[in-house]
Amino acid sequence: MEARRIVSIGGAVTEILFALGLGDRVIAVDQTSTYPAAARARPNIGYARTLTPEGVLSVGPDLILAIEGSGPPEALAVLKSAAVPVVMIPDGHDAAGVIRKVEAVADAVGAREAGARLASALRADFAQVADEVARLHSRPRAAFVLSASGGTAVVGGADTSADAMLRLAGAQNALSAIKGYKPAVDEAAFAADPEAVVVMSGAGQALTAPMIFALPAFKGTHAARENRFIALPGSYLLGFGPRTPQAVRDLALALRPGETLAPLPHRPWADETMP
């Protein structure tokens, strides 16, 4: 039986469903599903990692698609014991990972042909932007800041989605000695001397250049002296959905003022103004 009432949990999952032309089947989403605008108009069942079975089931789904890492585990266990099918979509923070998400979503909703077309377009876009980035001469050192409070910045080190995005954009993660998202030691961050600081905008994020560059970890760094502060919407920058090639291109250019890259082909799933 074809699923007509889908609860989509995970921004990338939701974007893929809409990119497949199945947005009309999505009846509810989670808080990370901020794109496209039509998704934001759907009922919201809460944050992907703090789900309640009652909230998810209350909208009457006939299929639940959830990105890997959704939870908590006990909530997923209850959902999986209900009569509604639950399909977990594998996460991934590279081109292959995005393709796997597309294929998994398409398989789950019986849209393999549309999924194959979307995957083919994404392979072409990832290949183009990778080739373009490889031709750039500079490999700037950049730091990703997730949050800042109490005079301390939480940064994205190795094995994070932020680290993966920096590498796709041809940058060096200046704080790769840290693993995961952790508070930065002021001396270590200063010694890393990033040339740019990257943050997320939107969804309640309120980080600003004056705030970041006043922190001991970044005050006096190359990024602070040049006021090189890059803010991109969180779901766009770190969502690793079908807009990722465009996000890689935008970040690569923002890290290198004055450089140019060839435009990517027009894609209907990526042409809405970013949230």
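A quick note: this is a predicted structure, and the numbers were derived from the prediction, not measured. (Residues numbered from 1 in each chain as written. Predicted model: local features only at pLDDT ≥ 70, side-chain atom pairs only at ≥ 80, totals over all residues. Heavy atoms only, no water.)

## Notes on the pairing of strand β4 (residues 86-89)
Line of reasoning, step 1. Two elements, strand β3 (residues 63-67) and β4, share 4 bridges in a ladder whose sense is parallel. In the strand pairing of β4, Ala 66 is matched with Met 88.
Line of reasoning, step 2. In this region the chain leaves β3, passes through helix α4 (residues 73-81) and returns to the parallel neighbour β4; the handedness of that crossover is right-handed. (Pairing = 2+ DSSP bridges. Helix = DSSP H or I, 4+ residues; strand = E, 2+ residues; numbered from the N terminus. Right-handed = clockwise from strand over helix to strand, strands pointing away.)

## Focus on α4
Line of reasoning, step 1. Turning to α4, its buried residues are Ala 75, Leu 76 and Leu 79. Projection of α4 onto a plane perpendicular to its axis shows the buried side chains occupying an angular sector of 95 degrees, all on one side. Seen from the open side of α4, the exposed residues pointing more than 90 degrees away from its buried face are Pro 73, Glu 74 and Ser 81.
Line of reasoning, step 2. Tucked inside the fold, the buried residues of α4 contact α3 (53-57), β3 and β4. (Buried < 20%, exposed > 50% of the residue type's maximum accessible area, 1.4 Å probe, protein only. Arc of directions from axis to C-beta. Contact = heavy atoms within 4.5 Å.)

## Focus on the sheet that holds strand β1 (residues 6-9)
Line of reasoning, step 1. One open sheet accounts for 4 strands, arranged β2-β1-β3-β4; its pairing is parallel. Of all strands in the sheet, those with a lone pairing partner are β2 (26-29) and β4, marking the two edges. The sheet shows a mean angle of 20 degrees between the axes of neighbouring strands, taken without regard to direction.
Line of reasoning, step 2. One ladder, built from 4 bridges, connects β1 with β3; its direction is parallel. Considered in β3, the bridge of Ile 9 is made with Ala 66.
Line of reasoning, step 3. Here helix α1 (residues 11-19) sits on the sheet and contacts β1, β2, β3 and β4; the angle it forms with β1, its principal contact strand, is near 135 degrees.
Line of reasoning, step 4. Contacts from helix α5 (residues 95-109) reach β1, β3 and β4, with the element oriented near 170 degrees to β3. (Axes fitted to C-alpha atoms, helices over the stretch in contact; angles between N-to-C directions.)

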